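Inside the fold
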Amino acid sequence: MSDFSNKCREYLKDTGENVYQLSASSGLDRTSLQRMITGKRLPGIDFVRQFCDSLRINPSQRRELMELYNFPIFIPNMRNCHR
């Protein structure tokens, strides 16, 4: 799991909601949320922004999450996973 997905999981846990509840309240796709917080897939930037908006995280938390999202990682056999 990546630092990005760990931080997403942490912020979600802090809200007291689970993936299903956040999906229902925000309109974010449940499967995409699950894959993001388990590190199985890196979503597009718009999805991450909507995730931040839905969690109502503060600006410093949002900045930290965006920095982790934009951190260049190289995974063998995975090309352009979020660009």
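Look above for the structure.
Here is what the cut-offs are and how they apply
- Counting from 1, residues in each chain are numbered in the order their sequence is written.
- Residues qualify for local features only when their pLDDT is at least 70, as the model is predicted, and side-chain atom pairs are given and counted only at 80 or more; totals for whole chains, interfaces and linings, by contrast, use all residues.
- To get the side-chain values, all heavy atoms of the structure are used, and hydrogens and water are removed first.
- In this description a helix means any DSSP run of H or I spanning at least four residues, a strand means any run of E spanning at least two, and both kinds are numbered starting from the N terminus.
- Think of each axis as a best-fit line through the C-alpha atoms, taken over the contacting stretch in the case of a helix, with angles from 0 to 180 degrees between the N-to-C directions.
- The scheme is simple: roughly parallel for angles under 35 degrees, roughly antiparallel for over 145, roughly perpendicular for 65 to 115, oblique for anything else.
- Working rule for handedness: look at the near helix, and if it is turned counterclockwise from the far one by less than a right angle, call the crossing left-handed; if clockwise, right-handed.
- The criterion used for residue contact is that any of the two residues' heavy atoms lie within 4.5 Å.
- Under the scheme applied here, ten amino acids are nonpolar (Ala, Val, Leu, Ile, Met, Phe, Trp, Tyr, Cys and Pro), four are charged (Asp, Glu, Lys and Arg), and all others, including Gly, are polar.
- The definition of a nonpolar core used throughout is a set of buried Ala, Val, Leu, Ile, Met, Phe, Trp, Tyr and Cys residues joined through side-chain atoms within 4.5 Å.
- Throughout, exposure labels follow a simple rule: accessible area from a 1.4 Å probe, protein chains only, divided by the maximum for the residue type, with under 20% read as buried, over 50% as exposed, and the rest as partly exposed.
- Salt bridge, as used here, is a side-chain nitrogen of Lys or Arg placed within 4 Å of a carboxyl oxygen of Asp or Glu.

Glancing now at the environment of Phe-51. For Phe-51, the position within the fold is in helix H4 (residues 45–55). Spatially, the C-alpha atoms of Phe-51 and Leu-12 are 9.3 Å apart, while their sequence positions differ by 39 residues.

Our next topic: the packing of helix H1 (residues 3–15) against H4. Here H1 crosses H4 at 25°, and the two axes come no closer than 10 Å. Looking at the two axes, H1 sits roughly parallel to H4. Considering the relative orientation of H1 and H4, their crossing is left-handed. Here Phe-4, Cys-8, Tyr-11, Leu-12 and Thr-15 of H1 come into contact with H4, specifically with Val-48, Phe-51 and Leu-55. For the contact of H1 with H4, a count of residues per class yields 7 nonpolar, 1 polar and no charged.

Right, let's get into the nonpolar core. One finds Phe-4, Leu-33, Met-36, Phe-51 and Leu-65 to be the most contacted residues of the largest nonpolar core, which totals 20 residues. Mapped by element, the contributors of at least two residues to this core are H1, helix H2 (19–26), helix H3 (30–38), H4 and helix H5 (59–70). A total of 5 residues in this core trace back to one element, the largest contributor, which is H4.

At Arg-56, a position not held by glycine, the phi torsion is positive, near 55°. Assignment of secondary structure puts Arg-56 in the loop between H4 and H5.

This part takes up the pattern of salt bridges. Evaluated as defined, the whole model comprises 4 salt bridges. Here Lys-7 and Glu-64 are joined by a salt bridge, their closest N and O atoms 3.5 Å apart. Of this pair, Lys-7 sits in helix H1 while Glu-64 sits in helix H5, and the two are 57 residues apart along the sequence. A relative accessible area of 15% places Lys-7 in the buried class. Taken together, the salt bridges that share partners define one network made up of Lys-7, Glu-10 and Glu-64.

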